[in-house]
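Spelled out, the chains give:
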Amino acid sequence: MSSHSEVQLNHYKECGQSILDLLEQNPLPQENWIPSELYPCIDRLRQSAQNLVERADSPVKIGIMGEFSSGKTLLISSLIGYANDRVLPIGEIPTTGNITAIHLVQQPDLQTTKFSDFTIEYLSQDAIKNCLAYMLRELEKRARAAEVPPEQIATLNNWQTSKTIDVNGILKWCEQAWNSHRRKELRNILRELVAFVRSYSVYQDDLCGRAYVINQDIAKEGLKLPPPRQDILEISFNELPVALGRWQNLAQPTPKDLQNSFSLIRRIEITVEVAKEIWDLSSLKGINQFILLDFPGLGAADSGVRDTYLSLRELKEVQTILLLQNCKQPGGNTADQIRTMIEQDKGEKLGDRIIVGLGRFNQLPLDAKDEQSIKDLIAASSLQELSEEMVLKSIPILQLAITSARNLTTEKQNIVLLSQLYGLAQLTKLSSLVQVLSLIHISEP
């Protein structure tokens, strides 16, 4: 963040606070001659000023999400100057995951990137009810598409507004639907809902709203789930995962405890100390923090409904979204679907707040004709200045990737070509502090 941005933030904060002070010092009297519609106007003004003060003093948050295999893991590794698959809790399963909030902090001295222990935050009781209601609404949509009888669907509607969670009733409904319908989309959410409700039935007040500080080894093992069975149309309801009893020690979970309660986790927090040589964050001191929010799962074909709910919830306070596309398969509509989903939830257009990263740009699927066109362009560049239009016209696959990116953002300068491996390689040349370990094993969800 530039010094100019800091001045702007402070100015906005001061303006908002001055409005709050004036309203506090000069309350509107309850008099008959004052128009009644003025009071709600004053309330809205007070709320807007309060929101302005809070936003100006809140952490700078960038949400990172995108298509599966777009290179998100390596991008985050590049940003923190540390590529090691044994550190960050970024899952290898495209169908589920937890939000990871990476708090970036400037080191006082030049040292290799350092990591704190992990803080595992569990959903509160209210958040669990809201998440369940969201899952039931999605289940209702899929049940209608699967032609589930209307009287059964009506039961789902009642549970969405209920103040209590009818564990037994929901599980019985899911079992009946599972045994009566062989639709993959329906069974996917039934499997997810069963795991969520069964976990809640076991843990409830033991975990709801609690947070645990876990060391890296336990976190990495406990947050890595086995891949779900792919033969979902062939397995019986009794073969779905069952939550295995309560924790033996509520003060400190084991990796197995984390796996059993996985669906109740709200998000994971970790503090990462980076050297100024890797990323200069000194301008943030005295203003706020810088937080990268990793949103896994969104963009996968069978992305979890719970993941979607948690992501939309966290995105409400994110200022900028970095949306990655996979250049190995350009032209897909997954990123556009993600943007549409977020905009519908927020109720506003986000084009000017989205940065589009064309991940794995060095792996564009070029054919022999494309490669010859590139050679011709290189030769022509010595004789004339190449225009963007000329380059895109000569390489159709590149034009397809750029066109897809332009549909996601209103700001042309917000489109970035990314080669994560190349970026890491260059970073290691520039700084001896960058750690690139077991890079070949890093998955790239």
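Residues numbered from 1 in each chain as written. Predicted model: local features only at pLDDT ≥ 70, side-chain atom pairs only at ≥ 80, totals over all residues. Heavy atoms only, no water.

Some details on the overall build of the protein
Helix and strand content of the protein: 15 helices and 12 strands. Among the 445 residues that make up the protein, the fraction classed as buried is 47%. Nonlocal contacts in the protein, meaning residues at least 24 apart in sequence, comprise 85% of its contacts between residues at least 6 apart. On the protein, roughly 22900 Å² of surface is accessible, and the fraction owed to carbon and sulfur atoms is 51%. (Helix = DSSP H or I, 4+ residues; strand = E, 2+ residues; numbered from the N terminus. Buried < 20%, exposed > 50% of the residue type's maximum accessible area, 1.4 Å probe, protein only. Contact = heavy atoms within 4.5 Å. Areas by Shrake-Rupley, 256 points an atom, 1.4 Å probe, with all protein chains shown as cover.)

Remarks on unusual backbone geometry
The backbone of Glu 147 sits at a positive phi, close to 65°, despite the residue not being glycine. Mapping Glu 147 onto the fold places it in the loop between helix H4 (125-145) and helix H5 (150-161). On the basis of relative accessibility, which here comes to 64%, the residue Glu 147 falls in the exposed class. Backbone geometry places Gln 204, a non-glycine residue, at a positive phi of 40°. In this fold, Gln 204 is placed in the loop between helix H7 (184-203) and strand E6 (211-214). On the accessibility criterion, Gln 204 (30% relative accessible area) is partly exposed.

A word on the nonpolar core
Formed by 102 residues in total, the largest nonpolar core has its most connected members in Leu 104, Tyr 122, Leu 139, Trp 173 and Leu 193. Here this core gets nine residues from one element, more than from any other, and that element is H7. Leave out the neighbours within four places in its chain, and Leu 139 touches Leu 156, Trp 173, Leu 186, Ile 189, Leu 190 and Leu 193. (Core = buried A, V, L, I, M, F, W, Y, C linked by side-chain atoms within 4.5 Å.)

Things to note about the pattern of salt bridges
In total, this model carries 15 salt bridges according to the counting rule given. Of the charged contacts, one joins Arg 46 and Asp 43 as a salt bridge, the two residues approaching to 3.3 Å between their closest N and O atoms. Residue Arg 46 and its partner Asp 43 are located together in helix H2 (residues 38-56), separated by three residues, close to a single helical turn. Here Lys 412 ties to Glu 388 by a salt bridge, and the two come within 3.3 Å at their closest N and O atoms. Of the two residues, Lys 412 is situated in the loop between helix H14 (396-406) and strand E11 (415-417) and Glu 388 in helix H13 (residues 388-394); the sequence distance between them amounts to 24 residues. What emerges from the salt-bridge pattern is a single network uniting Glu 121, Arg 266, Arg 267, Glu 269 and Glu 314. (Salt bridge = Lys/Arg side-chain N within 4 Å of Asp/Glu carboxyl O.)

Concerning H14
When H14 is considered as a whole, its buried residues turn out to be Ile 397, Leu 398, Ala 401, Ile 402, Ser 404 and Ala 405. Down the axis of H14, the sector holding all buried residues measures 160°, keeping them to one side. On its buried face, H14 sits against strand E9 (320-326), strand E10 (354-359), helix H12 (368-381), H13 and E11. (Arc of directions from axis to C-beta.)

Section: the packing of aromatic side chains
In the structure shown here, the tally under the stated rule is six aromatic pairs. Where Tyr 122 meets Trp 247, the ring centres are 6.1 Å apart and the plane angle is 65°; that geometry is what we call edge-to-face. With Tyr 122 in strand E5 (residues 118-122) and Trp 247 in the loop between helix H8 (216-222) and helix H9 (255-260), this pair connects stretches of sequence that are 125 residues apart. Given the relative accessible area of 6%, Trp 247 is considered buried. (Phe/Tyr/Trp six-rings, centres within 6.5 Å; stacked < 30°, edge-to-face > 60°.)

Remarks on the side chain of Arg 198
Along the chain, Arg 198 turns up in helix H7. The buried charged residue Arg 198 lacks any salt bridge, with Glu 175 as its nearest oppositely charged partner at 6.9 Å. With residues up to four places along the chain from it excluded, the contact list for Arg 198 reads Leu 171, Phe 237, Leu 240, Pro 241, Val 242 and Ala 243. (Lys, Arg positive; Asp, Glu negative; His and termini not counted.)

Notes on the packing of H5 against helix H6 (residues 167-180)
Relative to each other, H5 and H6 sit at 150°, their axes nearing to 11 Å. Between H5 and H6, the angle is such that the two are roughly antiparallel. Note that H5 runs across H6; the crossing there is left-handed. Packed against H5, whose contacting residues are Gln 152, Thr 155, Leu 156 and Trp 159, the element H6 presents Gly 169, Ile 170, Trp 173 and Gln 176 at the interface. Partitioned by chemical class, the residues of the contact of H5 with H6 number four nonpolar, four polar and no charged. (Axes fitted to C-alpha atoms, helices over the stretch in contact; angles between N-to-C directions. Parallel < 35°, antiparallel > 145°, perpendicular 65-115°, else oblique. Left-handed = near helix turned anticlockwise from the far one by under 90°. Nonpolar A, V, L, I, M, F, W, Y, C, P; charged D, E, K, R; others polar.)

With respect to the confidence of the model for the protein
Confidence in the prediction for the protein averages 82 pLDDT; 87% of positions are at 70 or higher. Contacts for the low-pLDDT stretch residues 1-5, under 50 throughout, to residues beyond four places or in other chains number six contacts. Confidence drops under pLDDT 50 across residues 438-445; counting only partners more than four residues distant or on other chains, this segment forms 28 contacts. (pLDDT = per-residue confidence, 0-100.)

Description of the packing of helix H3 (residues 72-80) against helix H15 (residues 420-430)
In a pair of packed helices, the angle between the axes and the distance between the axes together describe the arrangement. Orientation of H3 relative to H15, taken along the N-to-C sense of each, is 20°, at an axis distance of 9 Å. By the criterion of interaxial angle, the relationship of H3 to H15 is roughly parallel. For the pair H3 and H15, the crossing hand works out as left-handed. Each of Leu 74, Leu 75, Ser 77 and Ser 78 in H3 lies in contact with H15, whose residues at this interface are Gln 420, Leu 421, Leu 424 and Leu 427. For the contact of H3 with H15, the per-class residue count stands at five nonpolar, three polar and no charged.

Observations concerning the environment of Arg 183
With respect to the secondary-structure elements, Arg 183 resides in the loop between H6 and H7. Once residues lying within four places of it in the same chain are set aside, the contact partners of Arg 183 are Ala 145, Ala 146 and Leu 233.

Thoughts on the pairing of strand E8 (residues 290-294)
Burial analysis of E8 places five of its five residues in the buried class, which makes it a mostly covered element. The two faces of E8 match: Phe 290, Leu 292 and Asp 294 on one face and Ile 291 and Leu 293 on the other face are all buried. Across five bridges, strand E3 (residues 99-106) lies against E8 in antiparallel orientation. Residue pairing across strands places Ala 101 opposite Leu 293, the latter belonging to E8. (Pairing = 2+ DSSP bridges.)

Observations regarding the pairing of E10
The buried fraction of E10 is high, at five of six residues. Pairing between E9 and E10: six bridges, direction parallel. Following the sheet pairing, Leu 324 is matched in E10 by Gly 357. The sheet contact formed by E10 and E11 spans three bridges and is parallel. Note on E11: the bridge partner recorded for Gly 357 is Val 416.

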